[in-house]
Amino acid sequence: MKSCNMESLSFTTLLILCAAAGTESEQVIDRYGLKGKSFLLDVGGVKPAEFRRFYWKLNNTQTIVEYTLKNNEFEILPQFKEKLMFYETNFSLRILKLEESNRGIYTVITQDRHGKDKNIVIYRLIPQDSVIKPELKVKTASVSEDISVTCTVGQDNSVSYHCQQTHCTEVGRDYTELDALEIVVTVENSSIVCKASNRVSEESHWLALKDVYDRAEEKNRAKIIYAIPGSSLSLTVDVPGDLKMNMLEWMLKTENTEVTILKMATGGHTVFLYKNQVVFKETDYSLTLTNLSHRNSGIYTAVLSDKEDKKHRLNIYRVTVLAPSTFCIRP
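Residues numbered from 1 in each chain as written. Predicted model: local features only at pLDDT ≥ 70, side-chain atom pairs only at ≥ 80, totals over all residues. Heavy atoms only, no water.

1. A short note on the sheet that holds strand β14 (residues 182-188)
An order of β14-β15-β16 is seen for the 3 strands of this open sheet, with the pairing classed as antiparallel. Across the chains shown, the open sheet's two edge strands, defined by having one partner strand only, are β14 and β16 (202-208). Geometrically, the sheet is characterised by an average inter-axis angle of 20 degrees between neighbouring strands, direction not taken into account. The pairing of strand β15 (residues 191-197) with β16 spans 7 bridges and is antiparallel. By the bridge assignment for β16, alanine 196 is matched with glutamate 203. (Pairing = 2+ DSSP bridges. Helix = DSSP H or I, 4+ residues; strand = E, 2+ residues; numbered from the N terminus. Axes fitted to C-alpha atoms, helices over the stretch in contact; angles between N-to-C directions.)

Right, here's the structure in full:
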């Protein structure tokens, strides 16, 4: 305990300073634990020769563990026996399965041979849930400009960033740092990564820069086509004369999936991987979609692999099959 200098101090000031000095050993240490896992509250600097009893107290009211040095015996409060483990060797306390009900102030107290109690350490235990996995979405992207992204954690927490090929800069946030939640977007290993963390866990969502730029190219180059349900649509291919074809593929990308419709190798051997409502002409490589429905909406890409197996996107179409309520047929 710090000594108090009584010179030139009023009685009131003296009392305040001495009280403050006396509370240094009462410092509360915050400890965070993951719900559902075991958690250890350790004790250091305790010398058995200096005390006769040892206590773990919860919220300064409940003695959950009492250890008597003379008999080398300890007792755990009945309602905690199945939930706690006490280590006699170092006096630490393990909570076997951390729950919200375990939140509180845990105090280690020793009692000397004269019956005087002394606080050794005080913990404020804060159980936390595992952080929700973030969802990283690209709003706008191009090779020549910044990539605009948002990262969302749960329903109410999000951040916005502008990213380049080497770094990201925050431009907005809409979340409170409740339970020490932190959301950060960076560029690592040629990917944009959103990391969400709290005191006990971390989750992340990665998007490869190559994929981001490829999707941006598809969006910028795509020819937009609207079609009526039940109709047919022909998608043509323009093959540059200087490309020597080894294989041609038609790809379909929707919001949820990406599939290869067909592959045609040199020599005219065609393998259909997705035959539903599809007609393919080997003479001009065109693809005809028949009896269209909303399931045919998506991005159709003709990809040519040359003799060196390098892929070239030739034609890209963004097809939207209209819902019945968005068009009318005049008599």
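2. Considering the state of the cysteines
Tallied over the entire structure, the rule returns 2 disulfides. Two residues, cysteine 151 and cysteine 194, share a disulfide whose sulfurs are 1.9 Å apart. Every disulfide takes its handedness from the sign of the S-S torsion; for cysteine 151 and cysteine 194 that torsion is -90 degrees, giving left-handed. Note that cysteine 151 is positioned in strand β11 (residues 147-153) and cysteine 194 in strand β15, a separation of 43 residues in sequence. Like cysteine 194, cysteine 151 is buried. Each disulfide pairs two cysteine sulfurs, and for cysteine 163 the partner residue is cysteine 168, the sulfurs being separated by 2.1 Å. Taking the torsion about the S-S bond as the criterion, the cysteine 163 to cysteine 168 disulfide, at about 110 degrees, is right-handed. Given a relative accessible area of 16%, cysteine 168 falls into the buried group. (Disulfide = S-S within 2.5 Å. Buried < 20%, exposed > 50% of the residue type's maximum accessible area, 1.4 Å probe, protein only.)

3. Quick notes on the pattern of salt bridges
In this structure the tally under the stated criterion is 10 salt bridges. Glutamate 100 serves as the salt-bridge partner of lysine 35, at 3.0 Å between the closest nitrogen and oxygen. Here the residue lysine 35 occupies a position in the loop between β1 (28-34) and β2 (39-41), and glutamate 100 occupies one in the loop between β7 (93-95) and β8 (104-111), the gap between them amounting to 65 residues. Its relative accessible area of 28% is what places lysine 35 among the partly exposed residues. Residue glutamate 100 is classed as partly exposed on the basis of its relative accessible area, which comes to 39%. Notably, a salt bridge pairs arginine 53 with glutamate 66, separated by 3.4 Å at the nearest N-O pair. With arginine 53 in strand β3 (residues 53-58) and glutamate 66 in strand β4 (residues 62-68), the pair connects residues that are 13 residues apart, well separated along the chain. Residue classification places arginine 53 among the partly exposed positions, given a relative accessible area of 26%. The class of glutamate 66 is partly exposed, set by a relative accessible area of 28%. In the salt-bridge network here, residues are joined through shared partners; they are Lys35, Glu100, Arg103 and Asp129. (Salt bridge = Lys/Arg side-chain N within 4 Å of Asp/Glu carboxyl O.)

4. Points about the environment of glutamate 188
Inspection of the secondary structure assignment puts glutamate 188 in strand β14. On a C-alpha basis, the gap between glutamate 188 and threonine 166 in space is 7.8 Å, while along the polypeptide they are 22 residues apart. A polar contact is formed between the side chain of glutamate 188 and the side chain of threonine 186, at a distance of 3.2 Å. (Polar contact = N/O pair within 3.5 Å; in protein donor to acceptor, adjacent residues only side chain to side chain.)

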